[in-house]
Amino acid sequence: IESTASKITLMPGSRAGELKRHLSMFKSVVEQIAETNPDFEFVLVTLPHLDAQLSAKIASWNAKVSVVSDKEQRIKAFASSRLAITVAGTATLELAIAGIPMVVSYVMDMGQNQIRKKLDLRHFALPNLILDQSIVPELLLEKPDADRLFDAVNQILCDPEAGEKQKKAFAEMRDKMERGTDDFPRHNPAICVLSHLN
């Protein structure tokens, strides 16, 4: 993958339920972007055991999409991406550490939706939780909504400052994770464990 700002990373999840709920929505968004921005290419980042399955599924997509699954390809995909469209989870942290602006969505299953109704969630994307700010757009959905996701993605594509604002916040997040906070300073876990040994 050549270094270019015309690629978009896709991370639709790795569990069967996540893929079932998200992949068709991602397909619709990708095709809407490709229709208005034909120069964009898309890189779907996944795990090795899902490579063949997802390659078969995206073969019918009306866009330039490639699937990458090994570590080296993943690093190249991140280095060449202008933006990521991702589900919630550790992928958001991985992208933030790599400094890639993103839009985060998650389509809940029935059990997750019932739990969500009992909670007062300000944020669910890890970068927003760590910084306690609305840094990345979050769409917590009861059912797939490709139009809402496309609108959120398109806002960042049309506003370079929005992406730069995310990158600046990700740098602050990395610093916070490395240093800790005044209330919760970072400790070396090995030293903490050894301190309990006689």
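As a reminder, the structure under discussion sits directly above these lines.
Residues numbered from 1 in each chain as written. Predicted model: local features only at pLDDT ≥ 70, side-chain atom pairs only at ≥ 80, totals over all residues. Heavy atoms only, no water.

Draft legend 1. Structural detail: the sheet that holds strand β4 (residues 81-87). A sheet is described by the order of its strands in space; here 6 strands give the open sequence β3-β2-β1-β4-β5-β6, paired in parallel fashion. Each end of this open sheet is capped by a strand with a single partner; those strands are β3 (65-68) and β6 (138-141). Looking at each pair of strands side by side, their axes are set apart by 20° on average, direction ignored. Pairing of strand β5 (residues 102-107) with β6, which is carried by 4 bridges, proceeds in the parallel orientation. Across the sheet, Y106 pairs through a bridge with L140, a residue of β6. (Pairing = 2+ DSSP bridges. Helix = DSSP H or I, 4+ residues; strand = E, 2+ residues; numbered from the N terminus. Axes fitted to C-alpha atoms, helices over the stretch in contact; angles between N-to-C directions.)

Draft legend 2. Seen up close, the pattern of salt bridges. If you walk through the whole model with that rule in mind, you get 6 salt bridges. Between E72 and K76 there is a salt bridge, with its nearest N and O atoms 3.6 Å apart. Note that E72 and K76 are positioned in helix α3 (residues 71-79) at a spacing of 4 residues, about one turn of the helix. Assessed through its relative accessible area of 39%, K76 is described here as partly exposed. Measuring nitrogen to oxygen at the nearest pair gives 2.7 Å for the salt bridge that ties R74 to E94. With R74 in helix α3 and E94 in helix α4 (residues 90-98), this residue pair connects regions lying 20 residues apart in the sequence. (Salt bridge = Lys/Arg side-chain N within 4 Å of Asp/Glu carboxyl O. Buried < 20%, exposed > 50% of the residue type's maximum accessible area, 1.4 Å probe, protein only.)

Draft legend 3. Examining the packing of helix α1 (residues 16-36) against helix α7 (residues 146-157) more closely. Between α1 and α7, the least distance of the axes is 9 Å, while the angle of their chain directions is 45°. The orientation of α1 with respect to α7, classified from their angle, is oblique. As α1 packs across α7, the resulting crossing turns out to be right-handed. Contact residues: α1 offers M25, F26, S28, V29, Q32 and I33, while α7 offers A146, D147, L149, F150, V153 and L157. (Parallel < 35°, antiparallel > 145°, perpendicular 65-115°, else oblique. Left-handed = near helix turned anticlockwise from the far one by under 90°. Contact = heavy atoms within 4.5 Å.)

Draft legend 4. Expanded view of the nonpolar core. Judged by nonpolar contacts, the single largest core of 58 residues is most densely connected at L10, I33, F42, I85 and L149. Discounting chain neighbours no more than four positions away, the residues touching F42 are I8, L10, V30, I33, A34, A63, K64, V65 and S66. (Core = buried A, V, L, I, M, F, W, Y, C linked by side-chain atoms within 4.5 Å.)

Draft legend 5. Spotlight on the side chain of Q166. Residue position: Q166 is located in helix α8 (residues 160-179). Those residues within four positions of Q166 in sequence are excluded, and the remaining contacts are P101, M102, I135, V136, P137 and I156.

Draft legend 6. Layout of the pairing of strand β2 (residues 41-45). Counting buried positions along β2 gives 4 out of 5 residues, so the element sits mostly inside the fold. By the bridge criterion, 4 bridges tie strand β1 (residues 7-11) to β2 in an arrangement that is parallel. Counterpart to I8 in the pairing with β2 is F42. After leaving β1, the chain enters α1 and then returns to the sheet as β2, a path that is right-handed. As judged from the 4 bridges shared by β2 and β3, these two strands associate in the parallel manner. Residue pairing across strands places L44 opposite V67, the latter belonging to β3. For the crossover from β2 across helix α2 (residues 51-58) to β3, the handedness is right-handed. (Right-handed = clockwise from strand over helix to strand, strands pointing away.)

Draft legend 7. Layout of the layout of surface pockets. Looking at the largest pocket, its volume works out to about 300 Å³. Among the elements that make up the lining of the largest pocket, the one with the highest residue count is α4 (3 residues). By residue class, the composition of the lining of the largest pocket is 8 nonpolar, 5 polar and 4 charged. (1 Å grid on protein atoms, 1.4 Å probe; cavity = no way out; pocket = protein on both sides within 12 Å on 5 of 7 lines; lining within 4 Å. Points joined across faces, edges and corners; volume = space filled by probe spheres on them. Nonpolar A, V, L, I, M, F, W, Y, C, P; charged D, E, K, R; others polar.)

Draft legend 8. Structural context of the packing of α4 against α8. Contact pair α4 / α8: the axes reach a minimum separation of 8 Å and the direction vectors enclose 105°. Classified by the angle between their axes, α4 and α8 sit roughly perpendicular to one another. Across from L93, A96 and I97 in α4, the residues of α8 making contact are F170, M173, R174 and M177. Along the lines of polarity and charge, the residues of the contact of α4 with α8 split into 6 nonpolar, no polar and 1 charged.

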